[in-house]
Amino acid sequence: MQRARFPLRMSSILVYCGKGSREGSTSSFLQSLRETVDLSVHGVGFISADEVKEDHWMSQAKVICFGGGYDLGFIESLGPSGMQNIRKFVSGGGSYLGICAGAYFACDSIEFDMNGPLEVVGKRSLKFYTGKCIGPAFQGFDYNSRRGVHAVPVIYQNMEVQTYLEGGGYFMPECQSSSQTHTTEVLGQYKTLENTPAAIVKCQVGQGTAILSGVHIEFSLDCLDHEDKYIQKILPHFIAHEAKRRFVFKDVLSRHLGITCGIVSTDNSCP
């Protein structure tokens, strides 16, 4: 049986690494967490699909995180038992942080590139957000290049921050009903899209919390490929707003997920 990739301890923060995850996105997620949280309080490391299917991690984890990639890979790799464990963990008082593909994965249903060549449409099992995630919010997404990268203005606490978006979606709620059991709070909105739809949402799920973001609030400036021709075009936006991005990421972690954050590390290199 495969064991954990780092020593689990109470209040661990686990980043899914396996089928469906995009390597660069996963490593950047891990690095940004290590730079932001207090490592004397929280262990930070990867968790595989096989490990999610087990249950030993559930009593020791604080948050489980899913980043960029494609959620059909998550579904295939985790299977019903893995997804059931995630739901049980969150409803029992744990937390979930899903960004881009990890956000699509956690909604009631998704509409990705509907009627286009990359179409993925359907219901999902976690259902932390009782509505749809619809994307890409901005066009041009390409699995094989960074052609679809955008610097997107998001309003967070009345502050505008330019965020990295690559295929992420926006959140469309279902009609409210008396039978709805989840409470949702909009934390961030797309400034330039019609009707300023939600970009970041907070969902109360049983005793736990799920934060879903269509934009990559976790991508630090140092983890971007400065040599990529598509990123180069919009890099000045990210440079100008890096301090704001760090604030948003830290605020989500500390205020909304209850994670103890520390002094940002001076080692900003990516693995």
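Calculation rules
- For every chain, the first residue of the written sequence is number 1, and numbering continues from 1 along that sequence.
- Per-residue local features of the predicted model are confined to residues with pLDDT of at least 70, and side-chain atom pairs are confined, for both listing and counting, to 80 or more; whole-chain, interface and lining totals are unaffected and use all residues.
- Heavy atoms throughout the structure, all of them, feed into the side-chain values; hydrogens and water do not.
- For this analysis, a salt bridge means a side-chain nitrogen from Lys or Arg found within 4 Å of a carboxyl oxygen belonging to Asp or Glu.
- Helix numbering and strand numbering both begin at the N terminus, where a helix is a DSSP run of H or I of at least 4 residues and a strand a DSSP run of E of at least 2.
- Contact between two residues is taken to exist if any of their heavy atoms lie within 4.5 Å; hydrogens are not considered.
- Working definition of a nonpolar core: buried Ala, Val, Leu, Ile, Met, Phe, Trp, Tyr and Cys residues. They are joined through side-chain atoms within 4.5 Å.
- The buried label applies to any residue whose accessible area, calculated with a 1.4 Å probe on protein chains only, is under 20% of its type's maximum; exposed applies above 50%, and partly exposed to all values in between.
- The pocket and cavity definitions rest on a 1 Å grid over protein atoms only: a 1.4 Å probe that fits but cannot leave marks a cavity, an open set with protein on both sides within 12 Å along at least five of seven lines marks a pocket, and residues lining either have an atom within 4 Å of a point.
- Grid points are joined across faces, edges and corners, and a volume is the space filled by probe spheres set on the points.
- Note that Gly is not counted as nonpolar here; it falls among the polar residues with everything else outside the nonpolar set of Ala, Val, Leu, Ile, Met, Phe, Trp, Tyr, Cys and Pro and the charged set of Asp, Glu, Lys and Arg.
- An axis is simply a line fitted to the C-alpha atoms; with a helix, the fit covers only the stretch in contact. Between two such axes, the angle follows the N-to-C directions and lies from 0 to 180 degrees.
- An angle counts as roughly parallel when it lies under 35 degrees, as roughly antiparallel when it exceeds 145, as roughly perpendicular when it falls between 65 and 115, and as oblique in every other case.
- Note on aromatic pairs: the rings of Phe, Tyr and Trp (six-membered ring only in Trp) are paired at centre separations within 6.5 Å, and the planes decide the class, stacked below 30 degrees, edge-to-face beyond 60, tilted for the rest.

**Quick look at the pattern of salt bridges**
All chains considered together, the criterion is met by 12 salt bridges. Ionic pairing is found between Asp108 and Lys127, a salt bridge with its closest N-O pair at 2.8 Å. On the criterion of sequence distance, the pair formed by Asp108 in strand β5 (residues 107-112) and Lys127 in the loop between β6 (120-123) and β7 (129-135) is long-range, its members being 19 residues apart. Each of the salt bridges in this network shares a partner with another, and the network as a whole consists of Glu35, Glu242, Arg245 and Arg246.

**Let's talk about the environment of Arg22**
As for its position among the elements, Arg22 is in the loop between β1 (12-16) and α1 (23-36). Sequence separation of Arg22 and Tyr143 is 121 residues, and the distance between their C-alpha atoms is 9.8 Å. When neighbours within four sequence positions are excluded, Arg22 is seen to be in contact with Gly68, Gly69, Phe141, Tyr143, Ser145, Arg146 and Glu166.

**Focus on the nonpolar core**
Among the nonpolar cores identified, the biggest contains 38 residues, and Leu78, Ile86 and Tyr96 are the most heavily contacted of them. The element contributing the most residues to this core is helix α3 (residues 71-91), with 6 residues. Core analysis: the second largest hydrophobic core is formed by 35 residues, Cys65, Leu97, Ile99 and Ile200 among them.

**Focus: the layout of surface pockets**
Gaps left between atoms show up when a probe the size of a water molecule is rolled over them. Of the volumes computed, that of the largest pocket is approximately 350 Å³. In this structure, the largest pocket is lined by 24 residues; those nearest its centre are Gly69, Tyr70, Ala101, Phe141 and Tyr143. Counting only elements with at least two residues in the lining of the largest pocket, the list comes to α1, α3, α4 (101-105) and β5. Split into classes, the residues belonging to the lining of the largest pocket amount to 12 nonpolar, 8 polar and 4 charged.

**Topic: empty space enclosed by the protein**
Using the criterion set out here, one finds 3 cavities of 30 Å³ or more in the structure. Taken as a whole, the largest cavity holds about 70 Å³ of empty space. Of all elements in the fold, only β9 (159-165) and α6 (242-256) reach the threshold of two or more residues within the lining of the largest cavity. No other element matches β9, which puts 3 residues into the lining of the largest cavity. Taken together, the residues of the lining of the largest cavity sort by class into 5 nonpolar, 4 polar and 2 charged.

**A short note on the packing of α1 against α6**
Two elements in contact, α1 and α6, have axes whose closest approach is 11 Å; the angle formed by their N-to-C orientations is 80°. Regarding the angle of α1 to α6, the classification is roughly perpendicular. Contact residues: Ser32, Leu33, Glu35 and Thr36 in α1; Arg246, Phe249, Lys250 and Leu253 in α6. Here the residues of the contact of α1 with α6 sort into 3 nonpolar, 2 polar and 3 charged.

**Focus on the packing of aromatic side chains**
One pass over the full model with this rule turns up 15 aromatic pairs. Seen in terms of ring centroids, Tyr16 and Phe66 are 4.7 Å apart; in terms of plane orientation they differ by 10°. Their pairing is stacked. Here Tyr16 is found in strand β1, whereas its partner Phe66 is found in strand β3 (residues 61-66), with 50 residues between them in sequence. Accessibility assignment for this pair places Tyr16 and Phe66 in one class, buried. Between Tyr104 and Phe112 the ring centres are 5.7 Å apart and the planes differ by 90°, which places this aromatic pair in the edge-to-face class. Overall, the relative accessible area of 6% leaves Tyr104 in the buried class. Judged by relative accessible area, Phe112 falls into the buried class, the value being 7%. An aromatic cluster of three or more residues is present, and its members are Tyr16, Phe66, Phe74, Tyr96, Phe105 and Phe128.

So, to be careful, I would describe these as geometric facts and stop short of saying anything about function.
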